[in-house]
Amino acid sequence: MHAEGLGEEVIKDCEQIVHSEFSQYYTQMKQRCEEYLSFLGSLPQQLEVLNEQDTTHSIRPECSCSGHGKCCESSNTESSDDAGIQELDESSDEDDYNFCDTRQSFSDSAASPDLRMKHSNSSNDVQQYDHNFVESRSGKGENECLLLPPKRRTKLPEPVEKEKGVSLWSMIKDNVGKDLTRVCLPVYFNEPISSLQKCFEDLEYSHLLDRAYDYGLKGNSVMRTLCVAAFAVSGYASSDGRPCKPFNPLLGETYEADFPENGIRFFSEKVSHHPMVMACHCEGRGWKFWGESNVKSKFWGQTIQLDPVGVLTLEFDDGEIFKWSKVTTTINNLIIGRLYCHHHGTMKISGNRQHSCKLTFKQQSFLERNPRQVQGVVEDIGGTKVATLRGKWDESLYCNVTNDGVNSSAESTLLWEKHEPPTNPTRYNLSSFAITLNELTPNLKEKLPPTDSRLRPDQRHLENGEYDKANSEKLRLETRQRMARKMQDNGWKPRWFDRDTEDGAFHYTGGYWEAREQRKWDGCRDIFGELPDKKTSPVPA
Ligand SMILES: CC(C)CCC[C@@H](C)[C@H]1CC[C@H]2[C@@H]3CC=C4C[C@@H](O)CC[C@]4(C)[C@H]3CC[C@]12C
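Residue numbers here run from 1 along each chain, matching the order of that chain's written sequence. Thresholds applied to this predicted model are a pLDDT of at least 70 for local features of residues and 80 or more for the giving and counting of side-chain atom pairs; totals over whole chains, interfaces and linings are not thresholded and use all residues. In computing side-chain values, all of the structure's heavy atoms are included and hydrogens and water are not.

K.L.:
What exactly am I supposed to notice about the site of the ligand here?
P.N.:
Each residue is tested against the molecule or strand, and it is near if at least one of its non-hydrogen atoms lies within 4 Å. The environment of the ligand is made up of 15 residues, and the closest members are Arg242, Pro243, Lys326, Thr329 and Ile331. A distance of 3.4 Å separates an oxygen atom of the ligand from a polar side-chain atom of lysine 326. Relative to its unbound accessible area of 600 Å², the ligand is 87% covered by the protein chains. Numbering of helices and strands runs from the N terminus; a helix is a DSSP stretch of H or I covering at least four residues, while a strand is a stretch of E covering at least two. Among the elements of the structure, strand 11 (304–309) and strand 14 (328–332) are those that each provide at least two residues to the shell around the ligand. Classification convention: Asp, Glu, Lys, Arg as charged; Ala, Val, Leu, Ile, Met, Phe, Trp, Tyr, Cys, Pro as nonpolar; all other residues, Gly among them, as polar. Residue classes in the shell around the ligand are distributed as 11 nonpolar, 1 polar and 3 charged. Definition of a polar contact: a pair of N or O atoms within 3.5 Å, with one able to donate and the other able to accept a hydrogen when the atoms are protein atoms, and with sequence-neighbouring residues admitted only if both atoms are side-chain atoms. For every accessible area listed, the method is Shrake-Rupley and the probe measures 1.4 Å; residues are considered covered only by the protein chains on display.

In structure tokens:
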């Protein structure tokens, strides 16, 4: 307005008008939300009354979700749509009940005409939910404001160019025996996901941790441990049939994932290039999860073996902690045949209280008729077996709780089932969850630091199917990446993580989301921009 030549008085008046309009609007919204939440809060009682009136007593509570024709009864099929419904079925806690209902109803624009969200009716699947604030009763803080969950995309953009076929063998034949993560390949072998985003894929089934937290609170430590084990296995499901390489992030590259609809906030940063380490930190309802992704790889020509290094930690708000490490992954058929990976080895999930779990990912033999199996036992502190677990990392997991060491006669209970594949398949075989991870809406773009994976140009070009542009940008960024070792030697430090002097692990130092609030990205360089001119400016430390 100053630039337009408007006087100070007029600008002040305008500010006042906007301010008073906005505060009126805010008060109205707050009032409506309160009415809505109190209505939702009364739902459990109303349901109870209805149940009492019902003469046919079913074992599990049934509820019909209005207008959808869906059934909330816990079943063996857990599609991405009803994951939360199953959760609701299993937790009788009143607070949770409210939260699930709130989520369900808020995501259903037909549920309340008053709270209808803004839809951008474009052909694009993206819908904007700008500035819809709701006071959350079930969030972390009493008066914490949550942004209504955005409607996420269900497909990738249509590719602009036709893809080209390039033989992988022609690219890697000179690198047998070397670390394949260091071999520069054209983008045709990449998926439009960075390794930081890939770390977040491990949290697709984070509802298992919410469930684990609830079980623990109710004193069911065995079920808590089983849910944690199911979570640890579920992270592997998305690796099935994914033949492409994720983008290797630049040093200092970050990725944030704010998923209020799942009750989680995730953040990760590439903290070292040599060795390549990504640190991550995630906060959910009643738990925190952190760790680092670092693999030692061996390239054997037709196969690559990846041995993960480092520990993953899960801490519940009540003080119970579980720690585990990932198992070995082998990528097969690099040269001839269909590329696939399998996971094998033992995973010990050690708890600091009553129970721990030992999982075995079966080694796959040539003649294996039932591949991808996982088996496990939960033991108490004295080494007594209290539960067993079995299933497949790419399908589902079932558990059996034993009484006094004797197998209970009850049937196995379904702990976890993989979501249905997306209705719009991608050539990278991404899951519905993975499809959403690189989405960049104008609203989000404004809030991101210049280091976020979503802003990486070669990855964006690949997602758009602009292969030539993607390749040239990839080459440019790889030149930049070569400075990384020098930077690390010159004392480069991660912006958001710090290495623990005791255990050598990276810990989140905090402050990312606070900095985001204020868009204060001090110390976050434009890592995807042009290289500084070497003659005029020295290599940054
Ligand atoms: C040469 C190119 C085309 C081969 C493609 C290799 C793909 C399949 C490889 C490259 C990097 C690999 C990932 C690297 C690290 C991990 C962490 C580990 O704990 C689980 C497996 C997982 C997630 C790997 C899955 C397979 C993977 C994605």
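K.L.:
What is the right way to look at the state of the cysteines in this model?
P.N.:
Disulfide: a covalent bond formed between the sulfur atoms of two cysteine residues. Cysteine sulfur pairs qualify as disulfides if the two atoms are within 2.5 Å. Evaluation of the coordinates by the stated rule reveals 0 disulfides. With no disulfide of its own, cysteine 282 lies closest to cysteine 280 among cysteine sulfurs, the gap being 8.0 Å. Using a 1.4 Å probe on the protein chains alone, a residue whose accessible area is under 20% of its type maximum counts as buried, one over 50% counts as exposed, and one in between counts as partly exposed. Looking at cysteine 282, the relative accessible area reads 1%, which means it is buried.

K.L.:
Looking at this model, I keep getting lost on a negative patch on the surface. Mind explaining?
P.N.:
Side chains of Glu8, Glu9, Asp13 and Glu15 sit close together on the surface and give a patch of like negative charge. With respect to the secondary-structure elements, glutamate 8 resides in helix 1 (residues 8–41). Given a relative accessible area of 47%, glutamate 8 falls into the partly exposed group. Here the term patch refers to residues with relative accessible area over 30% and no salt bridge, with like charges joined within 9 Å and nonpolar side chains (Val, Leu, Ile, Met, Phe, Trp, Tyr) within 5 Å. We define a salt bridge as a side-chain nitrogen of Lys or Arg found within 4 Å of a carboxyl oxygen belonging to Asp or Glu. Here Asp and Glu are counted as negative and Lys and Arg as positive; His is not counted, and neither are the chain ends. Where a charge sits is defined by one atom per residue type, namely NZ (Lys), CZ (Arg), CG (Asp) or CD (Glu).

K.L.:
Can you walk me through the nonpolar core in this structure?
P.N.:
Across soluble globular proteins, nonpolar side chains show a tendency to be buried alongside one another. For this analysis, a nonpolar core means a set of buried residues of the types Ala, Val, Leu, Ile, Met, Phe, Trp, Tyr and Cys, connected via side-chain atoms within 4.5 Å. In this structure, Phe200, Trp324, Ile349, Leu359 and Leu415 are the most contacted members of the largest nonpolar core, which totals 69 residues. Of all the elements, helix 8 (residues 221–234) adds the most residues to this core, at 10 residues. Here a residue-residue contact requires only that any non-hydrogen atoms of the pair lie within 4.5 Å. Apart from the residues lying within four places of it in its own chain, the contact partners of tryptophan 324 are Val228, Phe231, Ala232, Phe289, Val311, Leu312, Leu314, Met347, Lys348 and Ile349. With 13 residues, the next largest nonpolar core counts Val271, Ala279, Trp513 and Trp521 among its residues.

K.L.:
Even after reading the chapter, I still don't get the pattern of salt bridges, so can you show me in this structure?
P.N.:
A side chain of one charge can pair with a side chain of the opposite charge when the charged atoms of the two come close. Within the structure shown, the criterion is met by 26 salt bridges. The shortest N-O distance in the salt bridge between glutamate 256 and arginine 516 comes to 2.7 Å. On the criterion of sequence distance, the pair formed by glutamate 256 in strand 7 (residues 254–259) and arginine 516 in helix 14 (residues 512–517) is long-range, its members being 260 residues apart. For the pair formed by glutamate 256 and arginine 516, the shared burial category is buried. With a closest N to O distance of 3.6 Å, lysine 392 and glutamate 395 form a salt bridge. Since its relative accessible area comes to 18%, lysine 392 is described here as buried. Residue classification places glutamate 395 among the partly exposed positions, given a relative accessible area of 40%. What you see here is one network of salt bridges that share partners, running through Glu191, Lys198, Glu201 and Arg242.

K.L.:
Help me understand the packing of helix 7 (residues 207–217) against helix 8 in this model?
P.N.:
Any two packed helices are characterised by how steeply their axes cross, that is the angle between the axes, and by the distance between the axes. The interhelical angle for the contact between helix 7 and helix 8, taken along N-to-C directions, is 170 degrees, at an axis separation of 8 Å. If you check the angle between helix 7 and helix 8, you find them roughly antiparallel. Of the residues in helix 8, those in contact with Leu208, Leu209, Arg211, Ala212, Tyr213, Tyr215, Gly216 and Leu217 of helix 7 are Met223, Arg224, Cys227, Val228, Ala230, Phe231 and Ser234. Counted by class, the contact of helix 7 with helix 8 contains 11 nonpolar, 2 polar and 2 charged residues. Angles shown run from 0 to 180 degrees and are taken between the N-to-C directions of axes, each axis being a line fitted to C-alpha atoms and, for helices, limited to the stretch in contact. Put simply, angles under 35 degrees are roughly parallel, angles over 145 are roughly antiparallel, angles from 65 to 115 are roughly perpendicular, and the rest are oblique.

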